[in-house]
Amino acid sequence: MSVIPLVFTSGWASGINAYAVVLLLGLFGATGVSDEVPAALQRTDVLIVAGLLFLCEAVADKIPYVDSVWDTAHTVIRPVAGAVVAALLAGESGSLPELAAGAIGGSTALMSHLVKAGTRMAVNTSPEPFSNVGMSIAEDLGVAGVITFAIFNPVAAAVVAAVLLVLGIVTVLFLASRIRRFLRRRAQRREEKRLAGTGGHRPPG
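No experiment lies behind these values; they were computed from the predicted model shown.

Draft legend 1. A look at the environment of Arg120. Summarising the element assignment, Arg120 is placed in helix 6 (residues 98-123). Between the C-alpha atom of Arg120 and that of Asp67, which follows or precedes it by 53 residues, the distance is 7.3 Å. The contacts of Arg120, once residues within four sequence positions are left out, are Asp61, Asp67, Ser68, Asp71, Asn132, Met135, Ser136 and Glu139. Looking at Arg120, its side chain comes within polar contact range of the main-chain oxygen of Asp61, at 2.7 Å. One polar contact links Arg120 to Glu139, side chain to side chain, over a distance of 2.9 Å.

Draft legend 2. Representation of the pattern of salt bridges. By the definition in use, this model includes nine salt bridges. Measuring nitrogen to oxygen at the nearest pair gives 2.8 Å for the salt bridge that ties Asp71 to Arg78. Its relative accessible area of 2% is what places Asp71 among the buried residues. Judged by relative accessible area, Arg78 falls into the buried class, the value being 0%. The salt bridge partner of Glu139 is Arg120, with a shortest N-O separation of 2.9 Å. Remark: Arg120 occurs in helix 6 and Glu139 occurs in helix 7 (residues 130-152); sequence separation between them is 19 residues. Classification of Arg120 as buried rests on a relative accessible area of 0%.

Draft legend 3. Structural detail: the packing of helix 6 against helix 9 (residues 176-197). Where helix 6 meets helix 9, the axes come as close as 8 Å, and the angle between the chain directions of the two elements is 75°. On the basis of the axis angle, helix 6 is roughly perpendicular to helix 9. Here Gly118, Met121 and Ala122 of helix 6 come into contact with helix 9, specifically with Arg178, Ile179, Phe182, Leu183 and Arg186. Of the residues belonging to the contact of helix 6 with helix 9, the class tally is five nonpolar, one polar and two charged.

Parameters at a glance
- Residues numbered from 1 in each chain as written.
- Predicted model: local features only at pLDDT ≥ 70, side-chain atom pairs only at ≥ 80, totals over all residues.
- Heavy atoms only, no water.
- Helix = DSSP H or I, 4+ residues; strand = E, 2+ residues; numbered from the N terminus.
- Contact = heavy atoms within 4.5 Å.
- Polar contact = N/O pair within 3.5 Å; in protein donor to acceptor, adjacent residues only side chain to side chain.
- Salt bridge = Lys/Arg side-chain N within 4 Å of Asp/Glu carboxyl O.
- Buried < 20%, exposed > 50% of the residue type's maximum accessible area, 1.4 Å probe, protein only.
- Axes fitted to C-alpha atoms, helices over the stretch in contact; angles between N-to-C directions.
- Parallel < 35°, antiparallel > 145°, perpendicular 65-115°, else oblique.
- Nonpolar A, V, L, I, M, F, W, Y, C, P; charged D, E, K, R; others polar.

Here it is, written out as structure tokens:
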């Protein structure tokens, strides 16, 4: 059961930035900082791919509306990544069945991903781009800090991740009206583009 806090924390972080989680854990393992990291995450090819994808996310995540498109594309990727990382961590420790660990990591990643995506929709209702940059930097620093903390104190880090997850859910519920406005505006823009593509005329009937 000792691996559960690290599994939960890595799942929460994966829902926000899965590439950063893989990159950080892999570097901690490769440099000998932690013995908890599976060898699969320490492979050079895995670190290179995770690093490149992290750079892509670092750019896309700071551009208004592009960040929401990126989040939509990662609705499956982040939970799957959280589940895989969790299963690898459990397999390495031998203290928790990999299937159960994958379920914990994947479901936690899905929840934190939905919180992130919902928050970004609310932020995109603001006309200026600086809030997106600020949110992205805060998320990256939060993931880096919590994952690093988890390597040295997994239980305390899991508590921090749980608190952040609950606060995120409460925030999204509070911003629900702004999120609905964002979705309506996006649907309206799609309709306007569709009409523009057909010459501005609605089909008869």
